[in-house]
Amino acid sequence: MQEIMLKILKNIKNSSLIILIIFLFTNFAYADRDITNMQLKPSVYVGKKGKSFETVKADSGEPVVGKKSYKFVALPFDCGKDKDGSYTDCGNSYSNTGKGGDRVRSELSGSKSSRFGAGEVWLSFSLFLPNNYETISPTITSFYQVYSGSGNGPNLKIQDYWGTLVYHRFNNYKTISEHKLIDVKDMKGQWTNFIINARFTKNKKKGFIKIWVNENLKVDIKEDQTAAGSTGKGHYIKAGLYQTGITRYLKVIGEDPNWQKGQDPKKFPTQIVYMDNIFKVSSKEKLDVLIEKAK
């Protein structure tokens, strides 16, 4: 993406047009077919020092599946806000109802064109945790989420919870069940593959969700509510690093919980993860084709 922008800029002399193009590219929804078939865009990124994501290639020496992968780096206390300033991750007052605060993220979010309704869906992602990855519980680190487009919060979060990767099922910001997927220690230094087959709906007779980790079925919920609130505006995914409740970990390591944006990290670690195979389709057959092409 950066290479394309540079080629365009070399042939343009109008400064106003250059500024417009830079704005469009830096707020572009990304769909790199080697990594994802969805339009994804940076989430809550304004004012951050670090990047919301990077694309790394096979010849970089960093982990990839196929030719490329997304790299997510969460720098300590590097919080951001939305473009219009209506939402911010900054501040050490935590809200669990989507109002922000006490958070840091390096994350991509699905655009409106990538939303899906209440029908059956197949989702996938592959996750690589470096050997030096550190759990920061009781701060929760989420890697993958499915959100309601109607503003009722998450339906699904897959997150590091005290060194265990857990699927948390939500309804209007409240956890209604949790399921162990895999120990974080067993993920380090290698790719871990996830497949989700679900129907996200309020209808308990039609709702279901299955989750496989490295082809092992870990979750099998039948005939239950799997969506929070209305499904009229569809659902979208979030992928990357999303830390919630920063003050919790600061208390554990004996640091002042009244943190400020950009302060000295001291004992607070930088988290880095890689993601690939972030796909959304309507059938297992289509998913198999995408994953095979991305190898």
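Further up the page is the structure itself.
Residues numbered from 1 in each chain as written. Predicted model: local features only at pLDDT ≥ 70, side-chain atom pairs only at ≥ 80, totals over all residues. Heavy atoms only, no water.

*Asks:* Residues and numbers for the state of the cysteines, please.
*Replies:* Tallying each qualifying case throughout the model produces 1 disulfide. With its sulfur 2.0 Å from that of its partner, Cys79 forms a disulfide with Cys90. Between Cys79 and Cys90, the S-S torsion sits near 100 degrees, and that sign places the bridge as right-handed. Taken together, the residues Cys79 in the loop between β3 (68–74) and β4 (103–110) and Cys90 in the loop between β3 and β4 connect sequence positions 11 residues apart. Look at Cys79 and you get buried, because its relative accessible area is 1%. The partly exposed category is assigned to Cys90, whose relative accessible area is 24%. (Disulfide = S-S within 2.5 Å. Helix = DSSP H or I, 4+ residues; strand = E, 2+ residues; numbered from the N terminus. Buried < 20%, exposed > 50% of the residue type's maximum accessible area, 1.4 Å probe, protein only.)

*Asks:* Quick rundown of unusual backbone geometry? Include the residues and the values.
*Replies:* In this structure, Pro138 follows Ser137 across a cis peptide bond, with omega equal to 15 degrees. For Pro138, the location among the structural elements is in the loop between β5 (120–128) and β6 (140–148). The phi dihedral of Asn214 falls on the positive side, at around 50 degrees, and the residue is not glycine. Examined against the element boundaries, Asn214 turns out to sit in the loop between β11 (208–213) and β12 (216–221). Overall, Asn214 belongs to the partly exposed group, its relative accessible area being 33%. Positioned with a positive phi, Asn277 is a non-glycine residue whose angle comes to about 50 degrees.

*Asks:* Before we move on, can you summarise the packing of aromatic side chains with the specific residues and values?
*Replies:* What the rule picks out here adds up to 13 aromatic pairs. Measuring from centroid to centroid gives 5.8 Å for Tyr147 and Tyr236, while their planes differ by 25 degrees, and the two rings are stacked. On the criterion of sequence distance, the pair formed by Tyr147 in strand β6 and Tyr236 in strand β13 (residues 235–244) is long-range, its members being 89 residues apart. On the basis of relative accessible area, Tyr147 is assigned to the buried category, the value being 10%. A network of ring pairs unites the aromatic residues Phe77, Tyr249, Trp259 and Phe268 as a single cluster. Lying over the aromatic face of Phe170, Lys157 brings its terminal NZ or CZ to 5.5 Å of the ring centre. Of note, Lys238 hangs over the ring of Tyr147, and the distance from its end group to the ring centre comes to 4.6 Å. (Phe/Tyr/Trp six-rings, centres within 6.5 Å; stacked < 30°, edge-to-face > 60°. Lys NZ or Arg CZ within 6 Å of the ring centre and 35° of its normal.)

*Asks:* Describe the nonpolar core, naming the residues involved and giving the relevant values.
*Replies:* Tyr144, Leu156, Ile196, Phe200, Ile209 and Ile237 are the most contacted members of the largest nonpolar core, which totals 53 residues. The element that contributes the greatest number of residues to this core is β5, accounting for 4 residues. Not counting the four nearest positions on each side in its chain, Tyr144 is found in contact with Leu123, Phe125, Leu156, Lys157, Ile158, Ile196, Ile237, Lys238, Ala239 and Met275. By size, the runner-up hydrophobic cluster in this structure holds 7 residues, among which are Trp122, Ile195, Leu287 and Leu290. (Core = buried A, V, L, I, M, F, W, Y, C linked by side-chain atoms within 4.5 Å. Contact = heavy atoms within 4.5 Å.)

*Asks:* If you had to explain the side chain of Ser111 to someone new, which residues and values would you point to?
*Replies:* Looking at where Ser111 falls in the secondary structure, it is placed in the loop between β4 and β5. Within the structure, the side chain of Ser111 is placed 3.0 Å from the side chain of Ser113, a separation counted as a polar contact. (Polar contact = N/O pair within 3.5 Å; in protein donor to acceptor, adjacent residues only side chain to side chain.)

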